[in-house]
Amino acid sequence: GESVGLHLPTLSVQEGDNSIINCAYSNSASDYFIWYKQESGKGPQFIIDIRSNMDKRQGQRVTVLLNKTVKHLSLQIAATQPGDSAVYFCAALYSTLTFGKGTMLLVSP
Amino acid sequence: SQTIHQWPATLVQPVGSPLSLECTVEGTSNPNLYWYRQAAGRGLQLLFYSVGIGQISSEVPQNLSASRPQDRQFILSSKKLLLSDSGFYLCAWNLGDTGELFFGEGSRLTVL
């Protein structure tokens, strides 16, 4: 079956640093990937997505990189701020969206 | 604009009691609807999804059930709650031709 996982359960960074959160997926059948941010006690919110015909997509302070060869996805957050502290999920679309377990990003001032 | 509401936000129930969580979507038609559970390990587990009224697909066997009595209404139920049903339940929607899911604010269930 499909599985989507993240490499680290927790990532601690200093305010102003760049953050990189990684994700690996097992089934190359997916052609659509999403990153979500979930703050404590709230539902996940969409950050950025990427289709398999792309290897990079940029948003505001965020960049998603897709390496289909090694089935790896990463989320880069530039100039990380305390408000970025949250759990970040990657998700891959198969018949439904399959989520990874999440990485908690902790930003210290 | 589209909005999603789920309630109650917080619920504390004894073991063996029934459960009903409700979710409604406004501002769109024929959405796909989903129920996820998020346990302490932070992962999102898909429980049920529905592509239309009365159409329910179950992803995992459990003592929960789902119903879709109206196009934009999705209900998660149980006749008898177990301790292991405790968790954070999230309703979500999308349209058939997109992958992005829009989540509600969640319902935190504690079974004692």
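These numbers come from a predicted model, not from an experiment.

Conventions we followed
Residues numbered from 1 in each chain as written. Chains lettered and ligands numbered in written order. Predicted model: local features only at pLDDT ≥ 70, side-chain atom pairs only at ≥ 80, totals over all residues. Heavy atoms only, no water. Helix = DSSP H or I, 4+ residues; strand = E, 2+ residues; numbered from the N terminus. Buried < 20%, exposed > 50% of the residue type's maximum accessible area, 1.4 Å probe, protein only. Contact = heavy atoms within 4.5 Å. Rg over C-alpha atoms; globule rule 2.2 N^0.38 Å. Areas by Shrake-Rupley, 256 points an atom, 1.4 Å probe, with all protein chains shown as cover. Lys, Arg positive; Asp, Glu negative; His and termini not counted. Charge placed at Lys NZ, Arg CZ, Asp CG, Glu CD. Phe/Tyr/Trp six-rings, centres within 6.5 Å; stacked < 30°, edge-to-face > 60°. Pairing = 2+ DSSP bridges. Axes fitted to C-alpha atoms, helices over the stretch in contact; angles between N-to-C directions.

Novice: Help me get a handle on the overall build of chain A, residues and values and all.
Specialist: On a plain count of helices and strands, chain A comes out with zero helices and eleven strands. The N-to-C order of helical and strand elements in chain A reads β-β-β-β-β-β-β-β-β-β-β. Based on the C-alpha atoms only, the size of chain A along its principal axes is roughly 40 × 25 × 20 Å. Within chain A, the proportion of its 109 residues that are buried is 44%. Counting contacts in chain A only where the partners sit at least 6 residues apart, residues at least 24 apart contribute 53% of the total.

Novice: Any details on the overall build of chain B? Residues and values, ideally.
Specialist: Counting secondary structure elements, chain B contains zero helices and eleven strands. Going from N to C terminus, chain B has its helices and strands arranged as β-β-β-β-β-β-β-β-β-β-β. The globule rule puts the C-alpha radius of gyration for 112 residues at 13 Å, and the 13 Å found for chain B is close to it. By principal-axis analysis of the C-alpha atoms, chain B measures approximately 40 × 25 × 20 Å. Within chain B, the fraction of its 112 residues that count as buried is 49%. Put simply, of all contacts in chain B between residues at least 6 apart along the chain, 55% involve residues at least 24 apart. When the accessible surface of chain B is summed, it comes to about 5,300 Å², and 54% of that surface belongs to carbon and sulfur atoms. Computed over 7 positive and 8 negative side-chain charges, the separation of the two mean positions in chain B equals 11 Å.

Novice: Residue-level account of the packing of aromatic side chains, with values.
Specialist: What characterises a pair of aromatic rings is the spacing of the ring centres plus the angle enclosed by the ring planes. Under the counting rule described, the total for this entry stands at twelve aromatic pairs over all chains. Judged by centre distance (6.5 Å) and plane angle (85°), the rings of Tyr36 of chain A and Phe46 of chain A are edge-to-face. Of this pair, Tyr36 of chain A sits in strand S4 (residues 32-38) while Phe46 of chain A is found in strand S5 (residues 45-51), placing the two residues ten residues apart along the sequence. Under the relative-accessibility criterion, Phe46 of chain A is labelled partly exposed at 31%. A centroid spacing of 4.8 Å and a plane angle of 25° characterise the contact between Trp93 of chain B and Phe102 of chain B, whose relative ring orientation is stacked. Owing to a relative accessible area of 5%, Trp93 of chain B belongs among the buried residues under this scheme.

Novice: Mind laying out the sheet that holds strand S1 (residues 3-7) of chain B, listing which residues take part and the relevant values?
Specialist: Pairing between sheet strands relies on hydrogen bonds along the backbone, with the strands arranged either parallel or antiparallel. Residues and elements named next belong to chain B. Read across the sheet, four strands follow the order S1-S3-S8-S7 without closing on themselves; strand pairing throughout is antiparallel. The sheet is open, and its two edges are formed by S1 and strand S7 (64-70), each paired on a single side. For this sheet, the mean angle separating the axes of adjacent strands, direction not counted, is 15°. Relative to strand S3 (residues 19-26), S1 runs antiparallel, the two being bridged by five bridges. Each bridged residue has a counterpart across the sheet, and for Trp7 the counterpart in S3 is Glu22.

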